[in-house]
Amino acid sequence: PLVGELFGLTELAERLQRVLGIAKVIVVQGDADHSPWVKQELGRVGARVLKQYVREGDIVAVTGGTSIASVAQHLTPSPAFKGVQFVPARGGLGERVELQANTLASAMAAKTGGTYRLLHVPDRLHPEALQSLLREPQIKEVLALLKHTRIVLHGIGDALTMARRRSYSEAELRELEQAGAVSEAFGYYFNEAGETVHRMPTIGLQLEDVKKAEAVLSIAGGKSKAKAILSFSKQSCQNVLITDEGAARAILSE
Ligand code: G3H
């Protein structure tokens, strides 16, 4: 039965590669919506893949979230991370501190022996305050680094789940829903066609930077993320998707 299951996962991955147009898809067993160990497995595989892709002196932009937190947990020291800088992809998005990109960038540096930078941008800033932060030398420096991102390591969320987690009001949630938002990544919300329908007021990595990066590694599992994964794949920028059986089977039956 084990061989059969392994074969099943490989076949699922190959089918997803074709359907989503992503060069490499890895599918782990189970469904992260139901079992916490599946998220652990996503993180373990994510850590392995990152180690394979990383090169000396790289800038690795990382997002927040539980999936990327799991990658951070599974990273280990390696010469592969020599001179690597972990940089948070976006400023404050309203996440709990343990799940913020800043926290995960510093955790990854501590685990691997790399270094990190922080983007000190509070959540829910007024546009004028954001504009003045953009003139701060410290922030400018980090934004300049992000322009040279070679690897992006990010999570993908279901739009409304993420908006609720970030304490959007009922009215804001309704607006997002009416705009057809189904996925969220980097503080951008996308519809089914992959068009941006909303952006969170923060600064950091832009979608153009993501598209220019050499390696975009996405970690997202759970059946509840099927539509979100499908929507984000429309960006046609991912090199590797690490997902689970729950999401994979749901995407293929869409
Ligand atoms: O941007 C997407 C979210 O960070 C995904 O969060 O990994 O906790 O589901 P999650």
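See the structure above.
Calculation rules
- Residues numbered from 1 in each chain as written.
- Predicted model: local features only at pLDDT ≥ 70, side-chain atom pairs only at ≥ 80, totals over all residues.
- Heavy atoms only, no water.
- Helix = DSSP H or I, 4+ residues; strand = E, 2+ residues; numbered from the N terminus.
- Rg over C-alpha atoms; globule rule 2.2 N^0.38 Å.
- Buried < 20%, exposed > 50% of the residue type's maximum accessible area, 1.4 Å probe, protein only.
- Contact = heavy atoms within 4.5 Å.
- Areas by Shrake-Rupley, 256 points an atom, 1.4 Å probe, with all protein chains shown as cover.
- Lys, Arg positive; Asp, Glu negative; His and termini not counted.
- Charge placed at Lys NZ, Arg CZ, Asp CG, Glu CD.
- Salt bridge = Lys/Arg side-chain N within 4 Å of Asp/Glu carboxyl O.
- Pairing = 2+ DSSP bridges.

In terms of regular secondary structure, the protein chain is built from 11 helices and 11 strands. Taken over C-alpha atoms, the radius of gyration comes to 17 Å for the protein chain, in line with the 18 Å a tight globule of 254 residues would show. In the protein chain, which comprises 254 residues, the share counted as buried stands at 54%. Long-range contacts, defined as pairs at least 24 residues apart, comprise 73% of the intrachain contacts of the protein chain with a sequence gap of at least 6. Of the accessible surface of the protein chain, which amounts to about 11700 Å², a share of 53% is contributed by carbon and sulfur atoms. Here the protein chain carries 30 positive and 28 negative side-chain charges, and the mean point of each set is 4 Å from the other.

Bringing the pattern of salt bridges into the picture now. Enumeration according to the criterion identifies 14 salt bridges in this entry. A salt bridge links Asp 58 to Arg 150; its shortest N-O distance comes to 2.7 Å. Of this pair, Asp 58 sits in the loop between helix 2 (36-53) and strand 2 (59-62) while Arg 150 sits in the loop between helix 6 (137-146) and strand 5 (151-155), placing them 92 residues apart in sequence. Judged by its relative accessible area of 12%, Arg 150 falls in the buried class. Here Arg 249 and Glu 245 are joined by a salt bridge, their closest N and O atoms 3.0 Å apart. Linking Arg 249 with Glu 245, this pair stays in helix 11 (residues 245-252), spanning 4 residues, or about one helical turn. One network of salt bridges, with partners in common, ties together Arg 55, Asp 58, Arg 150 and Glu 214.

Two elements, strand 8 (residues 188-190) and strand 9 (residues 196-199), share 3 bridges in a ladder whose sense is antiparallel. The residue of strand 9 that forms the bridge with Tyr 188 is Arg 199. From the end of strand 8 to the start of strand 9, which pair antiparallel, there are 5 residues, and Gly 194 there has a positive phi angle of about 90°.

Before going further, it helps to examine the side chain of Ser 67. On the secondary structure map, Ser 67 appears in helix 3 (residues 66-74). Residue classification places Ser 67 among the buried residues on the basis of a relative accessible area of 4%. If near-sequence neighbours (up to four positions away) are discounted, Ser 67 is found in contact with Lys 39, Ile 219 and Lys 225.

Turning our attention to the environment of Thr 196. Structurally, Thr 196 is set in strand 9. The exposure class assigned to Thr 196 is partly exposed, which follows from its relative accessible area of 37%. Those residues in contact with Thr 196 that sit more than four places away from it in its chain are Tyr 188, Tyr 189, Phe 190 and Leu 207.

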